[in-house]
Every structure is written in C-alpha cells, then in structure tokens.
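# Residue-level structure breakdown
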Amino acid sequence: MLLRLPTSLSEARRCLADGAVPVGGATLVWAQWQRDGFPEQAVSLRRLPEATVVDAQTLGAAVLLHQVDERVPEVLRRAAASIGTGAVRRTATVGGNIVGSTLRCLLPPALVLDARATVMDGDGPYEAELAEVVAKRPLVLDIRWRSPLVSGYYKAPGEAGGPPPLVVATAVHAEKDGGRRLRTAVRDGGEVLSGSVPATADAGRVLDALEGTALGGLPGEARDVVRREAADVLGRADA
C-alpha cells in the first residue's frame with residue numbers, strides 16, 4: 001500500500017482523483033484492511049496545513065485527539081479527552097472520529113457549536129453541514145463554529161465492549177438580535193439527537209421547552225441528565 005502525504009490542497013485533490021483512500025489515524029480502518037485487504041493507495045492529511053489547524057473557531061480533521069486543548073471550547077476539549085485510552089488519543093484524529101467512528105463522541109459537541117465542515121472531493125473543497133458529512137463520509141478538512149458564551153459536556157461511565165455510554169453536550173450562544181440560544185445534543189445508544197431553544201431569563205421555562213424538541217423522546221433518566229446539564233450551562237451563562 002502506498003501512503004500519500006499531501007502538503008497542499010491541489011495535491012490532496014490529485015490523491016482523491018487517483019483513488020487514494022483516507023486513512024486518518026488508522027485506528028479504525030487498519031483492522032478492516034487486515035481482514036478485507038489493503039487498498040493500493042491511502043491518503044493522510046497530517047502534513048496538510050488546512051487540516052492541522054487548532055484555534056478558537058477551527059479544528060483540523062488531522063489533529064490528533066490529544067492535541068485538542070484549551071484553544072477550543074470546553075465542550076470539544078472535554079469530549080476529546082474522554083475518548084479511548086491515552087494511546088488511542090495520541091493516534092486517532094478529529095476527522096476519523098466524526099466520519100469513521102460509529103460512536104462519534106465529537107459529533108454532539110460539534111452540533112451544539114452549530115459547526116459546519118470543510119470537506120473535499122475531486123472538484124475541490126466546499127462547506128457542508130454535519131448531517132451531510134455523517135451520511136456521505138467525504139474527506140473532511142476541518143470543522144468551524146461560532147464561539148459560544150459557555151459550553152459543557154457529560155459522558156456517562158461505560159465499560160469497554162459495552163453499549164455506548166450516554167453523552168450530553170450543551171452550549172449557550174449569543175444571537176444577533178441580542179438574545180441567547182441554548183443548543184443541546186445527546187448520543188443515546190447509537191442515535192444522536194439535538195434540540196435548540198431560546199435561552200430566556202426563566203431557566204425553568206427553557207428546560208421545559210427542551211421537552212418540545214427531539215430530546216423530549218429520550219428515556220426518563222436521559223432527560224434528567226439533559227435538564228441537569230442544560231441548567232448548569234444556563235447558570236454559568238448568567239454568572
């Protein structure tokens with residue numbers, strides 16, 4: 001297998017045009033390739049500047065999970081730190097978790113940040129919604145978001161090899177009209193649900209409004225965690 005390491009967008013486009021398969025950190029595809037056979041060519045973005053950015057509003061797809069630090073919002077930082085073991089986090093990439101993983105621990109945080117992805121196909125880079133990224137699994141260059149006022153992340157304890165633990169991501173954003181909005185996303189089993197409501201001064205009504213979103217269909221215990229986590233970020237936004 002030939003591993004290609006493009007250093008420019010034009011070179012990355014050529015790799016895709018030649019049929020190179022994205023490899024990410026190889027934590028997810030290596031076992032599959034050992035079982036089913038290796039592709040003739042693979043492409044890694046670890047030398048592509050556009051895919052290795054870490055700042056207050058951008059996270060490159062080739063960034064390793066252990067490199068996700070205080071430059072990004074709390075919800076993303078805590079999510080990355082909760083994934084796998086230290087050895088996994090030193091190998092696995094942001095793009096691999098969102099696109100390649102069935103667990104997608106970074107997807108709920110990206111949703112509450114109202115993030116969009118920069119992806120690439122044979123015609124070049126373009127912006128895509130996260131739903132398209134999950135459905136079509138393109139080559140992701142980065143994710144970009146609006147900085148929240150506050151954010152939070154909760155991941156229930158889980159056992160290796162057991163069912164995916166409950167994940168609740170929350171964020172409060174300032175709106176252009178001067179108001180605020182609470183965004184919440186939950187991974188319950190293999191499903192990711194999200195809801196967004198105005199964050200008014202009456203926290204109780206805000207939490208009740210969440211029940212009218214897709215999150216209202218969650219099991220009772222999960223809804224209790226959602227209310228607790230949402231109340232926490234609302235309180236910190238008011239502090």
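In this report, the structure presented in the accompanying data block is examined. Throughout this description, residue numbers start from 1 for each chain and increase along the sequence as written. Local features in this predicted model are restricted to residues of pLDDT 70 or higher, and side-chain atom pairs are both shown and tallied only at a pLDDT of 80 or more, whereas totals for entire chains, interfaces and linings draw on every residue. As a rule here, side-chain values cover all heavy atoms of the structure and leave hydrogens and water aside.

### Some thoughts on the overall build of the chain
Of regular secondary structure, the chain possesses nine helices and eleven strands. For the C-alpha atoms alone, the extent of the chain along its principal axes is close to 60 × 40 × 30 Å. Relative accessibility decides the category of a residue: with a 1.4 Å probe and only protein chains considered, values under 20% of the type maximum give buried, values over 50% give exposed, and everything between is partly exposed. For the chain, the proportion of its 239 residues judged to be buried stands at 45%. In the chain, once contacts between residues fewer than 6 apart in sequence are set aside, the share between residues at least 24 apart is 54%. Working definition of accessibility: Shrake-Rupley area with a 1.4 Å probe, residue cover restricted to the visible protein chains. Only carbon and sulfur atoms are counted for the fraction: they give 49% of the accessible area of the chain, which is about 11500 Å². Lys and Arg are tallied as positive, Asp and Glu as negative. Neither His nor the chain termini are counted. The atoms used to mark charge sites are NZ of Lys, CZ of Arg, CG of Asp and CD of Glu. Averaged over its 28 positive side-chain charges, the chain has a centre that lies 3 Å from the centre of its 29 negative ones. Helix numbering and strand numbering both begin at the N terminus, where a helix is a DSSP run of H or I of at least 4 residues and a strand a DSSP run of E of at least 2. A contact between two residues is defined here by any heavy atoms of the two lying within 4.5 Å.

### Concerning unusual backbone geometry
Here the phi dihedral of R104 falls at roughly 50°; this positive angle occurs in a residue that is not glycine. On the accessibility criterion, R104 (17% relative accessible area) is buried. Of note in the backbone geometry, D114 takes a positive phi value of approximately 55° without being a glycine. The partly exposed category is assigned to D114, whose relative accessible area is 35%.

### Overview of helix α9 (residues 220-238)
For α9, spanning 19 residues, the distance from its first C-alpha to its last is 27 Å, which sits close to the expected 27 Å at 1.5 Å a residue. Within α9 the residues assigned to the buried category are A222, V225, V226, E229, A230, V233, L234 and A237. The arc that holds the buried residues of α9, viewed along the axis, is 165°, so those residues lie on one side. More than 90 degrees from the buried face of α9, the exposed residues found are E221 and D224. Residues of α9 that are buried make contact with β8 (150-155), β9 (167-174), β10 (180-188) and α8 (203-210). Multiply 1.5 Å by the residue count of a helix minus one, and that product is the helix's expected span. By construction, the arc corresponds to the directions joining the helix axis to the C-beta atoms.

### Topic: the sheet that holds strand β7 (residues 139-144)
Two strands form a pair only when DSSP identifies at least two bridges running between them. Strands sit in the order β4-β7-β5-β6 across an open sheet of four strands; the sheet is antiparallel. The sheet terminates laterally at β4 (58-60) and β6 (124-129), the two strands that pair on one side only. For this sheet the average axis-to-axis angle between neighbouring strands, irrespective of direction, equals 25°. Bridge analysis of strand β5 (residues 116-121) against β6 gives six bridges, and the strand direction is antiparallel. Bridge pairing in β6 places M120 opposite P125. Sitting on the sheet, helix α1 (residues 9-17) is in contact with β5, β6 and β7, with an inclination near 60° to β5. The convention used is that axes are lines fitted to C-alpha atoms, helices contributing only their stretch in contact, and that angles between N-to-C directions extend from 0 to 180 degrees.

### Description of α8
Along α8, the positions that sit buried rather than exposed are V206, L207 and L210. Angularly, the buried residues of α8 cover 95° about the axis, an arc narrow enough to put them on a single face. Summarising the contacts, the buried residues of α8 are in contact with β10, β11 (191-198) and α9. N or O atoms closer than or at 3.5 Å make up a polar contact, with two conditions inside protein: a donor-capable atom paired with an acceptor-capable one, and, for residues adjacent in sequence, both atoms drawn from side chains. At the N-terminal boundary of α8, the capping side chain belongs to D202, with an oxygen 3.2 Å from the backbone nitrogen of G204.

### Quick word on the nonpolar core
We define the nonpolar core as a collection of buried residues of types Ala, Val, Leu, Ile, Met, Phe, Trp, Tyr and Cys that are connected through side-chain atoms lying within 4.5 Å of one another. By size, the foremost hydrophobic cluster in this structure holds 36 residues, and its most contacted members are L59, V94, L106, V133 and W145. For this core, the secondary structure elements donating two or more residues are α3 (74-81), α5 (94-100), α6 (107-112), β5, α7 (130-136), β7 and β9. Sort the elements by how many residues they give to this core and α3 lands first, with four residues. Ignoring sequence-local partners within four residues, the contact set of W145 consists of D55, A56, Q57, T58, L59, V72, P73, L76, L113 and A115. Counting 22 residues, the second largest nonpolar core, distinct from the first, contains L182, V206, V233 and L234.

### Comments concerning the side chain of D142
Mapping D142 onto the fold places it in strand β7. With a relative accessible area of 2%, D142 lands in the buried category. In terms of polar contacts, D142 uses its side chain to reach the side chain of T118, at 2.8 Å.

Purely geometric numbers; function is a separate question.
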